[in-house]
Amino acid sequence: MIRYTLLIAVSVSILLSGCSEKPDRKAAKEVRKSANDARSAISRGRNDARRIIREGERAALEAIKKGDPDGAADISQKQFNKAQERISESFEQARAKIEQSLRKNRNSGNAETPALITSGNILFSQALHLQSALAGASSPIDSFLDNISKRVLLMGDLATIKKQRETLITANEKEIRQFRDVLEKGTAAYPGLTAKLRAEEKKLVDIERQIKALEVEAKKARDTANSIEKSAVKKLRAADALSGDEKLALQNEAFDLRLSKKKYSMHLQSANDKIATLDTRAAIIAPTVTKIVSDISAIKDRIDSIIKAGGNDKLRGDIKAIEAAYNVHADSIKGNIDGVGAALKTYLAAFDEVTALLDQALGLYDKVKRGPSRQTAKNRKAACYLWKAGVYTECLRTQKNLISRIKSIIVASDEATADKLAAIVDASSTKVDDLANKAIENYDLAAKEYEGVPGNGEFACSVLKSRILALYGKMTLAEYLGDTAASKSDEDKFYAMSDDASENAEELAKLAKECDPLFANSVTRRMLDGEIDYTPKLRVDLAGHYEGIRKDFQSWNKLKGTDKEAEVNRLIVVLEEMKPAEDPEAFDRILEPELKLLKAAKKKGFDEDTSPGANSYGADPNY
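A short tour of the structure in this document, coming up.

Things to note about the overall build of the protein
Next up, step 1: Check the secondary structure of the protein and you find 17 helices and zero strands.
Next up, step 2: Expressed as a percentage of the 623 residues in the protein, the buried residues total 40%.
Next up, step 3: Residue pairs at least 24 apart in sequence account for 80% of intrachain contacts in the protein once pairs closer than 6 positions are excluded.
Next up, step 4: Taken as a whole, the protein presents about 33800 Å² of accessible surface, with 52% of it coming from carbon and sulfur.

A word on the packing of helix α5 (residues 134-185) against helix α9 (residues 373-410)
Next up, step 1: Between α5 and α9, whose axes approach to 10 Å, the crossing angle comes to 5°. Relative to α9, the element α5 is oriented roughly parallel. Side by side, α5 and α9 meet where L134, A135, S138, I141, D142, L145, D146, I148, S149 and V152 of the first sit next to V391, E394, T398, N401, L402, R405, I406 and I409 of the second.

A closer look at the packing of aromatic side chains
Next up, step 1: According to the stated counting rule, one finds one aromatic pair in the structure shown.
Next up, step 2: With a centroid separation of 5.3 Å and an interplanar angle of 70°, the aromatic rings of F351 and Y392 are classed as edge-to-face. Of this pair, F351 sits in helix α8 (residues 312-366) while Y392 sits in helix α9; the two residues are 41 residues apart in sequence, bridging distant segments of the chain.
Next up, step 3: Directly above the aromatic system of Y480 lies the positively charged group of R397, at a separation of 4.0 Å from the ring centroid.

Focus: the nonpolar core
Next up, step 1: Core analysis: the biggest nonpolar cluster contains 72 residues, and I141, L145, I148, L396, L402, L477 and L481 have the highest contact counts within it.
Next up, step 2: Elements represented by at least two residues in this core include exactly α4 (112-132), α5, α8, α9, α10 (415-451), α11 (457-483) and α12 (488-515).
Next up, step 3: If you tally residues by element for this core, the top one is α8, at 16 residues.
Next up, step 4: With sequence-adjacent residues up to four places away left out, L481 is seen in contact with L396, A436, I440 and F494.
Next up, step 5: With 21 residues, the next largest nonpolar core counts L183, L197, I211 and I275 among its residues.

So, the environment of D256
Next up, step 1: As for its position among the elements, D256 is in helix α7 (residues 244-308).
Next up, step 2: When the C-alpha positions of D256 and I228 are compared, they lie 9.9 Å apart, and in sequence the two are 28 residues distant.

Here we look at the pattern of salt bridges
Next up, step 1: For the structure shown, the criterion picks out 25 salt bridges.
Next up, step 2: Measuring nitrogen to oxygen at the nearest pair gives 3.0 Å for the salt bridge that ties R258 to E229. Taken together, the residues R258 in helix α7 and E229 in helix α6 (residues 193-240) connect sequence positions 29 residues apart.
Next up, step 3: R258 gets classed as partly exposed once you look at its relative accessible area, which sits at 34%.
Next up, step 4: A salt bridge links K381 to E449; the nearest nitrogen and oxygen atoms lie 4.0 Å apart. You can see K381 sitting in helix α9 and its partner E449 sitting in helix α10, a full 68 residues away along the chain.
Next up, step 5: Residue class for E449 comes out buried when judged on its relative accessible area of 11%.
Next up, step 6: One network of salt bridges, with partners in common, ties together D366, K378, K381 and E449.

Let's talk about the packing of α4 against α9
Next up, step 1: Running from amino to carboxyl end, α4 crosses α9 at an angle of 20°, the nearest separation of the two axes being 11 Å. Overall, the two elements α4 and α9 adopt an arrangement that is roughly parallel. Crossing handedness for the pair α4 and α9: left-handed. Facing T113, I117, N121, F124, L128 and Q131 of α4, the residues of α9 in contact are S373, T376, A377, R380, A383, C384, W387, V391 and E394.
Next up, step 2: In terms of residue class, the contact of α4 with α9 is built from eight nonpolar, five polar and two charged.

Focus on a negative patch on the surface
Next up, step 1: A cluster of acidic residues, E479, D483, D499, D500 and E503, forms a negative patch at the surface.
Next up, step 2: Sorting the residues of the negative patch by element identifies α11 and α12 as the ones contributing at least two each.
Next up, step 3: With three residues, the top contributor of residues to the negative patch is α12.
Next up, step 4: Here D500 is to be found in helix α12.
Next up, step 5: Judged by its relative accessible area of 40%, D500 falls in the partly exposed class.

Quick notes on α4
Counting along an α-helix, one turn takes 3.6 residues, and residues three or four places apart therefore face a common direction.
Next up, step 1: Compared with the 30 Å implied by 1.5 Å per residue over 21 residues, the 31 Å span of α4 between its first and last C-alpha is a close match.
Next up, step 2: For α4, a buried count of 19 out of 21 residues is recorded, marking the element as mostly surrounded by other parts of the structure.

A few points about the side chain of E394
Next up, step 1: Within the secondary structure layout, E394 lies in helix α9.
Next up, step 2: A polar side-chain atom of E394 sits 2.3 Å from a polar atom in the side chain of Q131.

Some remarks on the environment of I285
Next up, step 1: Along the chain, I285 falls in helix α7.
Next up, step 2: The spacing of I285 and K203 is 82 residues in sequence and 8.0 Å in space, taken between C-alpha atoms.
Next up, step 3: Not counting chain neighbours up to four residues away, the residues in contact with I285 comprise E200, K203, L204 and I207.

Definitions and limits used
- Residues numbered from 1 in each chain as written.
- Predicted model: local features only at pLDDT ≥ 70, side-chain atom pairs only at ≥ 80, totals over all residues.
- Heavy atoms only, no water.
- Helix = DSSP H or I, 4+ residues; strand = E, 2+ residues; numbered from the N terminus.
- Buried < 20%, exposed > 50% of the residue type's maximum accessible area, 1.4 Å probe, protein only.
- Contact = heavy atoms within 4.5 Å.
- Areas by Shrake-Rupley, 256 points an atom, 1.4 Å probe, with all protein chains shown as cover.
- Axes fitted to C-alpha atoms, helices over the stretch in contact; angles between N-to-C directions.
- Parallel < 35°, antiparallel > 145°, perpendicular 65-115°, else oblique.
- Phe/Tyr/Trp six-rings, centres within 6.5 Å; stacked < 30°, edge-to-face > 60°.
- Lys NZ or Arg CZ within 6 Å of the ring centre and 35° of its normal.
- Core = buried A, V, L, I, M, F, W, Y, C linked by side-chain atoms within 4.5 Å.
- Salt bridge = Lys/Arg side-chain N within 4 Å of Asp/Glu carboxyl O.
- Left-handed = near helix turned anticlockwise from the far one by under 90°.
- Nonpolar A, V, L, I, M, F, W, Y, C, P; charged D, E, K, R; others polar.
- Patch = residues over 30% accessible without salt bridge, like charges linked within 9 Å, V, L, I, M, F, W, Y side chains within 5 Å.
- Lys, Arg positive; Asp, Glu negative; His and termini not counted.
- Charge placed at Lys NZ, Arg CZ, Asp CG, Glu CD.
- Expected span 1.5 Å × (residues − 1).
- Polar contact = N/O pair within 3.5 Å; in protein donor to acceptor, adjacent residues only side chain to side chain.

Purely geometric stuff here, so don't read any function into it on its own.
Written out as structure tokens, the structure reads:
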């Protein structure tokens, strides 16, 4: 409510200053009446705006009592917008009354002059009123960028975690593949265990077959030898019953049989020896087979454990969830980027409206070519140029802040997001030089116009101080442009411009001290000495912005190994890209400690840790 009181007070004072002429004709009386009507229209608008705000405050208080703070905020915003509309409407009504008077008294000589000045003052006041709303028009841009920045960082975290899961899957699949190669494929020098088992089992089968064949051979030799022995024994027993040659002949036959038995006994012994050898070989091979069987079983169990407990299916499910969350953020970013474009368009439209009103006011002031009102008109014209320069400077800073913020976001963005944001940066970058040139041009025009304002005494001294302010504005703008210049040549150019404006301001300050003994302790003098920074504040809460960034830098130390190294390097780049900072004090206080921690971590090095669960992707996809 106070802002409206101040705004309307300024407006009324401007209107009064433009209507100081005493008309001595009928046309002049009509013009004076139209000026009074215009003041009344603005006064009614002021009173209506106050009433609307009070009504909103009461309704919001009732909503809070009912436990509905969101509803209270909504009511306050609606009533504020309604009050703004009523103020704008009152300006339009005031302008309409003055323009009607101008049309009616177009050829009435000096009677037209107060109407021109009054109409210019209304336009100027309306421009001031709308300019105060430019901050509100730019705040949605920052809200959209905040959302984009948060989601870009979350997407980066999700991409890192997805990569970890994919690495684990790859490692598991590689391990399974290697184990299966050990089982089946093997190498030229070392066949797979399954093939080796088959070969060793085949050896045992072959040994068993050979043993069986030898056992048959041994049995046959043993049976033959036993049969021969029986025959020999039988003959010897028969010989015992004989005598002489018959006995001898039968004994010889028995001995011959036993001689023939020796051959079969040797066959038997050979077969038994071979069987023993084969048994020894089988005894050697059997443990190998047992070991291979055990190894195969262990490897199969390991493969099963990787498939089941290792959780490739679970990891793939994690990846699907991560991709879903990633896509939610990506879709939200697309909407927020569109929001940035729309909000920027709205902001620039509001900016164009303010400058258009100032241009219209300048056109009206410029029509006052002679008479005592020329002094007032030129002074108001100079003020218009100075204010217009400030509006261009504000828009320039907003655009450069937008570019700086987007560039810091692009560093961490995926390619699709980076391309869309880069398009906004390109479009804004094309405006920056034009805004800078127009701001400098209007500071120069303001200084020149103040220089040509006729007058003397206290009024002339006041005009001189305003001229100093115009030079100071140019000086601070040029210094800012030098601080943020993209090239050394531009930096030198703007610093030289700042020094030149400062020197001119100092020369005028000497004259101001002569006409105003108190000037040495004035705000203007202290600004020139650098004790007070009059540079318009950016329409963003940089401290809050830096705090938001700092919160997003808290998760890097939870990472391990190469993931941690990559994140640390990325964040260092983000912070370095923000220098020189728009708000050095806030940056040094909030973000510089984070940068030191990152650099210390980089200097210390990174331990490798790719164990499952080293990180968590559990981010809210609707964040």
